[in-house]
Amino acid sequence: MLTSEIKWLRKEIPLKILGLLGVLFAETINGSTEPDDPEDDVWMLERASQTESYSKIVDYSYQLLNSNGFSVAEIDYDDLVVECHKYNINGPHQPEFTMHTDDYGAIHDARVHTVIYSLQKDPTITGGDLIIYPNAQLDHNVPVENTDLTTCHRFEVDAGIMILMRGDLAHAVEEMGGTGIRRSVVVQIRRDLYVESEDE
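Because the structure is predicted, anything quoted here is derived from the model rather than measured. (Residues numbered from 1 in each chain as written. Predicted model: local features only at pLDDT ≥ 70, side-chain atom pairs only at ≥ 80, totals over all residues. Heavy atoms only, no water.)

S.K.: Teacher, can you tell me more about the packing of helix H1 (residues 15–29) against helix H2 (residues 52–67) here?
M.R.: When two helices pack together, their arrangement is given by the angle between the helix axes and the distance between those axes. One way to put it is that H1 packs onto H2 with a least axis distance of 9 Å and a crossing angle of 135°. One finds that H1 runs oblique with respect to H2. Between H1 and H2 the crossing geometry is left-handed. Facing H1, whose interface residues are Ile-17, Leu-20, Leu-21, Val-23, Leu-24 and Glu-27, H2 presents Ser-53, Tyr-54, Lys-56, Ile-57 and Tyr-60. Looking at side-chain class alone, the contact of H1 with H2 contains eight nonpolar, one polar and two charged residues. (Axes fitted to C-alpha atoms, helices over the stretch in contact; angles between N-to-C directions. Helix = DSSP H or I, 4+ residues; strand = E, 2+ residues; numbered from the N terminus. Parallel < 35°, antiparallel > 145°, perpendicular 65-115°, else oblique. Left-handed = near helix turned anticlockwise from the far one by under 90°. Contact = heavy atoms within 4.5 Å. Nonpolar A, V, L, I, M, F, W, Y, C, P; charged D, E, K, R; others polar.)

Next comes the structure, spelled out in structure tokens:
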């Protein structure tokens, strides 16, 4: 059971942390090439690729979640998720990640809390905000019959903001248009000890 009824929170990223996130992103894509088509690039960082900036962002995320009512388990650096997302937009674009929850996802046997750090969203991009559906019920990330998709909250995803949320919340990135780049770093940490997956 969660120790808090807080479901989500939107805050500004401290400048020092924003700088660290920029370093982490640069380290991650160093040597990579830009795609020819406007598609999603997602880098899932592994323990082997851990750097000082990686460790500092994970530690900050852990403290941030716990100090804002999102209780998470003790950090296991081999069992958490850090992803760098980069959208290269050139016209209408549907993000790779449609409506989903983060629980039992990238950490397949775990319920999680998530921090989304927004580093860049060019003003020439339309859409791309985060839509949360607090009452939606999903089955393997497919809405169940008669579930509530009318109640939703839109969070403007601007550079320099972060969103903290529970992993059981259905959410999606809004379709984008225009041209430009949208970059973010996503951190997911277990919110409790090891539990059996709902599929087991």
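S.K.: Would you explain the sheet that holds strand S11 (residues 170–173) in this entry?
M.R.: Two modes of strand pairing occur in sheets, parallel and antiparallel, and in both the strands are linked by backbone hydrogen bonds. Taken together, three strands build an open sheet; the order of strands is S9-S6-S11 and the sheet is antiparallel. Of all strands in the sheet, those with a lone pairing partner are strand S9 (153–155) and S11, marking the two edges. Sheet twist, expressed as the mean angle between neighbouring strand axes with direction ignored, is 25°. One ladder, built from four bridges, connects strand S6 (residues 130–133) with S11; its direction is antiparallel. By the bridge assignment for S11, Leu-130 is matched with Val-173. (Pairing = 2+ DSSP bridges.)

S.K.: Sorry, what's going on with the confidence of the model for the protein here?
M.R.: Keep in mind that low pLDDT regions are not for reading the predicted coordinates in detail. Of the residues in the protein, 84% reach a pLDDT of 70 or more, and the chain-wide mean stands at 82. In this model residues 33–38 is a low-confidence stretch, pLDDT under 50, and it forms eight contacts with partners more than four residues away in sequence or in other chains. Of the regions scoring below 50 in pLDDT, residues 194–200 engages in twelve contacts with residues more than four places distant in sequence or in other chains. (pLDDT = per-residue confidence, 0-100.)

S.K.: Can you help me understand H2 in this one?
M.R.: Each α-helix winds once per 3.6 residues, and so residues spaced three or four apart point in a common direction. Its 16 residues give H2 an end-to-end C-alpha distance of 22 Å, which sits within 8% of 22 Å, the value for a rise of 1.5 Å per residue. For H2, the full list of buried residues reads Ser-53, Tyr-54, Ser-55, Ile-57, Val-58, Tyr-60, Ser-61, Leu-64 and Leu-65. Buried residues along H2 sit against strand S1 (8–12), H1, strand S3 (81–90), strand S4 (112–121), strand S10 (161–166) and strand S12 (176–190). Positive backbone phi, approximately 90°, marks Gly-69, located one or two places after H2. (Expected span 1.5 Å × (residues − 1). Buried < 20%, exposed > 50% of the residue type's maximum accessible area, 1.4 Å probe, protein only.)

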